[in-house]
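# Structural features, examined
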Amino acid sequence: MESKKNDGIMHLPTFVTARRAISLNKTYVGIAIFIAILALTAWNPNVWASKFKGTSNSTINAGYNGTTAPAPNGNQGLPLLSIPFYAFPPLMLVTPIVVLFVYDKNNGVLEYLLSLGMTQRDIYLRYLKASLLLVAIYFVIFTIVDIAYSYAFFTASATSTLFIVLPIAIVIIMSVVAFMITMMMTFSSLQRTRIGSNQPLAMLVGVACTIPGYIIPLALPFNIALVAEILEAVMLAVTASVFIIYSGKLIKREKFLP
């Protein structure tokens with residue numbers, strides 16, 4: 001009974017789409033794992049904090065290296081620089097979904113689904129849910145490993161920085177993925193590949209959405225940068241939600257035809 005139930009779950013369209021995407025191109029999964037290791041070690045927010053602690057008069061965060069060591073003026077927001085770097089592995093992980101959509105479109109799979117009576121929004125949600133599923137699985141694993149790594153190589157209090165960075169990163173990346181996939185399905189030009197690459201141009205949309213995350217930590221002190229990052233996360237989440245709600249009107253039938 002349990003086996004049949006599990007088989008039923010794994011045969012849901014969301015799981016099938018995610019499994020097909022990974023089977024289509026495992027290279028991106030390998031790249032995502034490699035970059036995740038870099039994100040865990042070299043780009044860990046506690047690493048940024050330990051590199052730039054200094055002699056400022058204000059204490060920014062007690063989680064820096066497990067002490068109350070302050071960060072120097074102008075560099076207080078640097079631990080938040082981990083947020084855009086944390087976006088790279090999930091973006092690599094959902095690239096097979098983006099490639100699969102283009103593959104299915106070019107091979108008439110989407111046209112077949114339309115002939116079965118599915119709407120454009122039904123098809124869109126199939127690929128969107130598969131993308132969010134992969135990102136969610138990634139973050140569950142990465143969060144556990146990241147907290148364990150920080151606890152082992154820094155201190156218990158150092159994990160307090162992660163509890164600030166990770167929730168913001170998760171909201172931003174989930175929103176970026178939803179927005180990126182909607183844009184790809186709305187504009188056929190984003191389904192084309194770049195010269196010398198098999199990644200559709202839609203991936204540039206995802207990368208572009210992370211650019212403010214590099215500027216904010218470098219330009220603002222920690223407290224102000226934190227507010228700015230939260231506002232960015234909220235704006236991206238609202239934008240993605242609006243596009244999901246109106247996806248049925250935005251995505252035209254001919255966009256899914258070869």
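## Describing the overall build of the protein chain
- The helix and strand tally for the protein chain stands at 13 helices and zero strands.
- Each helix and strand of the protein chain, ordered N terminal to C terminal, gives the series α-α-α-α-α-α-α-α-α-α-α-α-α.
- The proportion of buried residues among the 258 residues of the protein chain is 48%.
- Here the analysis covers contacts within the protein chain between residues at least 6 apart in sequence; of these, 75% occur between residues at least 24 apart.

## A closer look at the packing of helix H11 (residues 212-219) against helix H12 (residues 222-245)
- Axis separation between H11 and H12 bottoms out at 9 Å; the angle between their running directions is 160°. Here H11 lies roughly antiparallel to H12, going by the angle between them. Handedness of the crossing formed by H11 with H12: right-handed. Contact residues: H11 offers Pro212, Gly213, Ile216 and Pro217, while H12 offers Ala225, Ala228, Glu229 and Glu232.
- Residues of the contact of H11 with H12, tallied by class, amount to five nonpolar, one polar and two charged.

## Thoughts on the pattern of salt bridges
- Summed over all chains, the structure comprises one salt bridge.
- In this structure, the salt-bridge partner of Arg20 is Asp104, at a minimum N-O distance of 2.7 Å. Remark: Asp104 occurs in helix H6 (residues 88-106) and Arg20 occurs in helix H2 (residues 13-24); sequence separation between them is 84 residues.
- By relative accessible area, Arg20 is classed as partly exposed at 33%.

## As for the environment of Phe256
- Considering the arrangement of structural elements, one finds Phe256 in the segment after helix H13 (247-250).
- Judged by its relative accessible area of 0%, Phe256 is buried.
- For the pair Phe256 and Leu110, spaced 146 residues apart in sequence, the C-alpha to C-alpha distance is 5.9 Å.
- Setting aside residues up to four positions removed in sequence, Phe256 forms contacts with Phe101, Lys105, Leu110, Glu111, Leu114, Gln120, Ile123, Tyr124, Met185 and Ile251.

## Structural notes on empty space enclosed by the protein
- If you walk through the whole model with that rule in mind, you get one cavity of 30 Å³ or more.
- Taken as a whole, the largest cavity encloses approximately 30 Å³ of empty space.
- Lining the largest cavity are Ile83, Pro84, Ala87, Ile172, Cys209, Thr210, Gly213 and Glu232.
- Among the residues forming the lining of the largest cavity, the class breakdown is five nonpolar, two polar and one charged.

## Describing the layout of surface pockets
- Of the pockets and cavities examined, the largest pocket occupies roughly 290 Å³.
- As for the largest pocket, its lining consists of 14 residues, and the residues nearest its centre are Ile33, Ala36, Leu93, Tyr138 and Ile141.
- Contributions of two or more residues to the lining of the largest pocket are made by helix H3 (27-41) and helix H8 (120-153).
- Taken together, the residues of the lining of the largest pocket sort by class into 14 nonpolar, no polar and no charged.

## A few points about the confidence of the model for the protein chain
- Residues with a pLDDT of 70 or more make up 83% of the protein chain, whose mean pLDDT is 83.
- Counted against residues more than four places away or in other chains, residues 1-5, with its pLDDT under 50, gives zero contacts.
- Taken as a whole, residues 54-74 scores under 50 in pLDDT and shows 50 contacts with residues more than four places along the chain or in a different chain.

## Quick word on the packing of aromatic side chains
- The tally for this structure, following the rule as stated, stands at nine aromatic pairs.
- With a centroid separation of 5.1 Å and 80° between ring planes, the pair formed by Tyr86 and Phe142 is classed as edge-to-face. Of this pair, Tyr86 sits in helix H5 (residues 82-86) while Phe142 sits in helix H8, placing them 56 residues apart in sequence. Each member of the pair, Tyr86 as well as Phe142, is classed as buried.

## As for the side chain of Gln120
- Looking at the element boundaries, Gln120 is found in helix H8.
- Leave out the neighbours within four places in its chain, and Gln120 touches Leu114, Ile251, Lys252, Arg253 and Phe256.

## As for a nonpolar patch on the surface
- Taken together, Ile230, Val234, Val238, Val242, Ile245, Tyr246 and Leu250 make up a surface patch of nonpolar side chains, about 610 Å² in accessible area.
- Residue contributions to the nonpolar patch peak at five residues, all from H12.

## A short note on helix H10 (residues 202-209)
- Within H10 the residues assigned to the buried category are Ala202, Met203, Val205, Gly206 and Cys209. Buried positions in H10, seen along its axis, are confined to an arc of 155° and lie on one side of it.
- On the buried face of H10, the contacting elements are H6, helix H9 (159-186), H11 and H12.

So, how was this worked out
Once a new chain begins, its residue numbering starts again from 1 and follows that chain's sequence as written. In keeping with the predicted nature of the model, local features appear solely for residues at pLDDT of at least 70, side-chain atom pairs appear and are counted solely at 80 or more, and the whole-chain, interface and lining totals rest on all residues. Where side-chain values are given, they derive from all heavy atoms of the structure, hydrogens and water being excluded. Runs of H or I in DSSP of at least four residues are treated as helices and runs of E of at least two as strands, each being numbered from the N terminus. Three labels apply to residues, based on accessible area from a 1.4 Å probe with only protein chains included: buried if under 20% of the type maximum, exposed if over 50%, partly exposed otherwise in between. By definition in these notes, contact holds between two residues if any of their heavy atoms fall within 4.5 Å. A fitted line through C-alpha atoms serves as each axis, taken over the contacting stretch for helices, and the angle formed by two N-to-C directions is quoted from 0 to 180°. By definition in this entry, angles of less than 35 degrees are roughly parallel, angles greater than 145 are roughly antiparallel, angles of 65 to 115 are roughly perpendicular, and the rest are oblique. With the far helix as reference, a near helix turned anticlockwise by less than a right angle produces a left-handed crossing, and one turned clockwise produces a right-handed crossing. Three residue categories are used. Nonpolar comprises Ala, Val, Leu, Ile, Met, Phe, Trp, Tyr, Cys and Pro, charged comprises Asp, Glu, Lys and Arg, and polar comprises the others, including Gly. Definition used for salt bridges: Asp or Glu carboxyl oxygen within 4 Å of a side-chain nitrogen of Lys or Arg. Cavities and pockets are defined on a 1 Å grid built over the protein atoms alone: a cavity is a set of grid points where a 1.4 Å probe fits but cannot escape, while a pocket is an open set with protein on both sides within 12 Å along at least five of seven lines, and lining residues are those with an atom within 4 Å of any such point. Grid points are joined across faces, edges and corners, and a volume is the space filled by probe spheres set on the points. pLDDT expresses, on a scale from 0 to 100, how confident the predictor is about each individual residue. Two rings from Phe, Tyr or Trp (for Trp, the six-membered ring) form a pair when their centres sit within 6.5 Å of each other. Planes less than 30 degrees apart are called stacked, planes more than 60 degrees apart edge-to-face, and all others tilted. A patch consists of residues exposed above 30% relative accessible area that lack any salt bridge, with like charges linked at up to 9 Å and nonpolar side chains (Val, Leu, Ile, Met, Phe, Trp, Tyr) linked at up to 5 Å. Areas reported here follow the Shrake-Rupley algorithm with a probe of radius 1.4 Å; residue values treat only the protein chains shown as occluding. What the arc describes is the spread of directions from the helix axis to the C-beta atoms.

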